[in-house]
Structures are given as structure tokens and as C-alpha cells.
Amino acid sequence: MDQWVPRWMVLAKYLGVALLAVPVLAFAAYSLRFGLRGLGTDLSEETYIYTPDGPISNGAIFMHMLLGGLIMVLAPLQLIARVRTDYPQVHRVAGRVVVMSSIAVALGGLLYIASRGTIAGSLMDIGFALYGALMLGAAVQTVRFARASDAARHRNWALRLLVLAMGSLIFRLHYVLWYILTDGLWSNEQLTGTFDKVQYFAFYLPYLALLEVWMRRRTP
Ligand code: HEM
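Residues numbered from 1 in each chain as written. Predicted model: local features only at pLDDT ≥ 70, side-chain atom pairs only at ≥ 80, totals over all residues. Heavy atoms only, no water.

**Brief notes about the nonpolar core**
As a reminder of what qualifies: Definition of nonpolar core: a set of buried residues of the types Ala, Val, Leu, Ile, Met, Phe, Trp, Tyr and Cys, connected through side-chain atoms within 4.5 Å. For the exposure calls, accessible area comes from a 1.4 Å probe over protein chains only, and a residue counts as buried if that area is under 20% of its type's maximum, exposed if over 50%, partly exposed in between. A run of H or I in DSSP becomes a helix once it reaches four residues, and a run of E becomes a strand once it reaches two; helices and strands are each numbered from the N terminus. Only heavy atoms matter for contacts: two residues are in contact if any of them lie within 4.5 Å across the pair.
Of all hydrophobic cores here, the largest spans 37 residues; its most connected members are Met72, Met135 and Leu164. The leading source of residues in this core is helix α6 (residues 151-182), at 12 residues. Beyond its immediate stretch of four places on either side in the chain, Met135 contacts Ile71, Ser102, Val105, Ala106, Leu161, Leu164 and Ala165. In terms of nonpolar packing, the next biggest core, distinct from the first, is built from 8 residues, Phe34, Ile49, Phe62 and Met65 among them.

**Overview of the layout of surface pockets**
This is how it is decided: Note on definitions: the grid is 1 Å and covers protein atoms alone; a cavity is a set of points where a 1.4 Å probe fits but cannot get out; a pocket is an open set with protein on both sides within 12 Å along at least five of seven lines; lining residues have an atom within 4 Å of a point. Grid points are joined across faces, edges and corners, and a volume is the space filled by probe spheres set on the points.
Approximately 1,800 Å³ is the volume found for the largest pocket. Taken together, 49 residues form the lining of the largest pocket, with Ala75, Pro76, Gln78, Leu79 and Leu162 sitting closest to its centre. Secondary structure elements with two or more residues in the lining of the largest pocket: α1 (7-40), α2 (55-77), α3 (81-86), α4 (88-115), α5 (122-147), α6 and α8 (205-218). Top contributing element to the lining of the largest pocket by residue count: α6, with 12 residues.

**Examining unusual backbone geometry**
Note: most residues except glycine have negative phi, and most peptide bonds are trans. Positive phi, normally seen in glycine, also occurs at Asp183, with a value near 60 degrees. Mapped onto the secondary structure, Asp183 falls in the loop between α6 and α7 (194-202). Here the phi dihedral of Leu191 falls at roughly 60 degrees; this positive angle occurs in a residue that is not glycine. You can see Leu191 is positioned in the loop between α6 and α7. Residue class for Leu191 comes out buried when judged on its relative accessible area of 16%.

**Some words on the site of the ligand**
Inclusion rule: For each residue, the test is whether any non-hydrogen atom lies within 4 Å of the molecule or strand; if one does, the residue is near. We call two N or O atoms a polar contact when they sit within 3.5 Å, provided that within protein one can donate a hydrogen and the other can accept it, with sequence-adjacent residues counted only if both atoms are side-chain atoms. A molecule is counted as occupying a cavity or pocket when more than half of its atoms fall within 2 Å of that pocket's grid points. Polar here means any residue other than Ala, Val, Leu, Ile, Met, Phe, Trp, Tyr, Cys and Pro, which are nonpolar, and Asp, Glu, Lys and Arg, which are charged; Gly is therefore polar.
Near the ligand lie 28 residues; those nearest to it are Tyr30, Tyr48, His64, Ile119 and Arg172. In this structure, His64 approaches the ligand through a side-chain N or O atom, which is 2.9 Å from a nitrogen atom. Counting atoms within 2 Å of the grid points, the majority share of the ligand lands in the second largest pocket. For the shell around the ligand, the element with the highest residue contribution is α2, accounting for 7 residues. Looking at the shell around the ligand residue by residue, the classes come out as 19 nonpolar, 8 polar and 1 charged.

**Re the pattern of salt bridges**
Here is the rule we go by: We define a salt bridge as a side-chain nitrogen of Lys or Arg found within 4 Å of a carboxyl oxygen belonging to Asp or Glu.
Counted by the stated rule, this structure contains 4 salt bridges. Put simply, Glu46 and Arg37 hold a salt bridge, and the shortest N to O gap is 2.7 Å. You can call Arg37 partly exposed: its relative accessible area is 26%. As a salt-bridge pair, Arg160 and Glu212 come within 2.6 Å of each other at their nearest N and O atoms.

**Focus: α7**
Each α-helix turn comprises 3.6 residues. Residues three or four places apart therefore point the same way. Looking only at α7, the buried set comprises Phe195, Asp196, Gln199, Tyr200 and Ala202. Turning to α7, the residues buried within the fold contact α5, α6 and α8.

**A closer look at the side chain of Thr118**
Residue placement: Thr118 occurs in the loop between α4 and α5. At a separation of 3.3 Å, a polar atom in the side chain of Thr118 contacts the main-chain carbonyl oxygen of Gly121. Of note is the side chain of Thr118, whose polar atom sits 2.6 Å from the side chain of Asp125. Residues within four places of Thr118 in sequence aside, it is in contact with Ile113, Met124, Asp125 and Phe128.

**Describing the side chain of Asn58**
Here Asn58 lies in helix α2. Its relative accessible area of 7% is what places Asn58 among the buried residues. With near-sequence residues (within four places) excluded, Asn58 lies in contact with Leu39, Ile49, Tyr50, Thr51 and Met63.

**Some words on α8**
The line we're drawing: Given the number of residues in a helix, its expected span is that number minus one, multiplied by 1.5 Å. For this quantity, the arc is that covered by the directions from the helix axis to the C-beta atoms.
Given a rise of 1.5 Å per residue, 14 residues ought to cover 20 Å, and the 20 Å separating the end C-alpha atoms of α8 matches this to within 8%. Those residues of α8 lying buried are Leu208, Leu211 and Met215. Angular distribution of buried residues about the axis of α8 spans 60 degrees; they occupy a single face of the element. The outward face of α8, more than 90 degrees from its buried face, is lined by the exposed residues Leu210, Arg216 and Arg217. Against α5 and α6 lie the buried residues of α8.

The structure is reproduced here in C-alpha cells:
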């Protein structure tokens, strides 16, 4: 039998989801548009990320942005229980798109780091390469356990992948909050300040750790 839930709780839940959806959709749209423009136009006047006469590095990073925007929208939808139970085929197809796109996002980022390096140099390269490696691993594990019909492990890896898919947005949200609170203390345009250095790892590792704690408490 369905458990009775107070109406205010249902409303609060929908309000919370709507509030979370705003930054997710805004950043996904920004990323999709940036990716599309970089794939079709010479952006060398506009951004250091564009490499003049660098088709491989440009293809890798702008396809990365395009597919990154896509997984930010599709991955959270995989959480909707009703879709999983009533439309399993939709869940499967969307799941494959998310996994394949995540692999391409991670490989695109890693290829860019290997060919151009990040704006701030080796420590940021390490932080972002680890982020890419974790996304790659989580995507492979998610599909591996789905194929093995191991629902519990599949769910855990899919949740890790979701947290990583939101990492890029979290990175920017940390900056927005930090600049509002401190006016950019220990941070600079080259991203080499102390705050920036913490950021290379702080946009995904603490959130993955919190998720591990939550998953361990949930499953005895
Ligand atoms: C859903 C996930 C992701 C999205 C939506 C995304 C989106 C973006 C966007 C829009 C940029 C352009 C920079 C900006 O406008 O601020 C960018 C840059 C970059 N991304 Fe990602 N990204 C994602 C995941 C990753 C992953 C997993 C890696 C790790 C390999 C990565 C590595 C990079 C690197 C190295 C840059 C260039 C950094 C620089 O030197 O400025 N991204 N990404």
C-alpha cells in the first residue's frame, strides 16, 4: 500500500527539483551552445580553448562540451522510478546514450589535457585528469553491472556517474559562491591561486565521499 505523504512535503519536493533544474539546464544549454559553436566556427579570437589549426584538440574539447551538456540533462532523468518500471526500454536506451556520451566526454577532456594542457598547468592537469578517469570508470562500471543484472551495484555506479556528471556545474557554482562571499580571495584569472588549487579536486572528491557515506548507510 502507498504510504501517505503530507501535501506540503510533496510541494517542497517539486519546488526543490525545480530549483535544482534551473542551474543544471542553464549550464547544459551554455555547454551545448559553446560545443556547437566551437565545432562549426573559428573561436580563436574568443577563447584560449580553441586551438588555431588544431582539429584534433578542437574536435575533442568541443564535442566534449556538446555531449557534456547532453548528459547533464539525460542522467538525472534516469532517476525517475516510474520511467524505470513502466518504460524500461526508454531507461535502457537513455542509459546507453548517457554511458557512451560520458565515455566520450571523459576521453575528449583527457585528450585535450594531453595535447594542450589546462589553463593552470600540471596540478590542474592532475585534478582534471583524475576527474576524467573517474568518469570513465564509473560509466564502464554502470553498464557492466546493468549487463550482469546486478541491480544494486548498477545503481551505485550510476549514482557515482551522476555526481561526476554534475561536477562541471559544481565547479562553477563554487566559484559563484566564493566570489559573492570573498570577492575572489586566493583566486585569479589563470586559476593558480590557493582557492583555485583546492578547486581542482574539491568539485568532485567531497561529493563522491558524501555519496559513499550515504550509500553505506542505506545498504547494510
Ligand atoms: C558533464 C560533464 C562536463 C561538462 C558539461 C563539461 C563542460 C565543459 C565546458 C563548457 C568547458 C569550457 C570552459 C568554460 O566555459 O568554463 C569545459 C572545459 C574543460 N573541461 Fe569539461 N565538462 C564536463 C566534464 C569534464 C571531464 C570529466 C573532464 C576531465 C577529463 C573535463 C575536462 C575539461 C578541461 C580540461 C577543460 C578545459 C579547461 C581549461 O583549461 O580551461 N570536463 N568543459
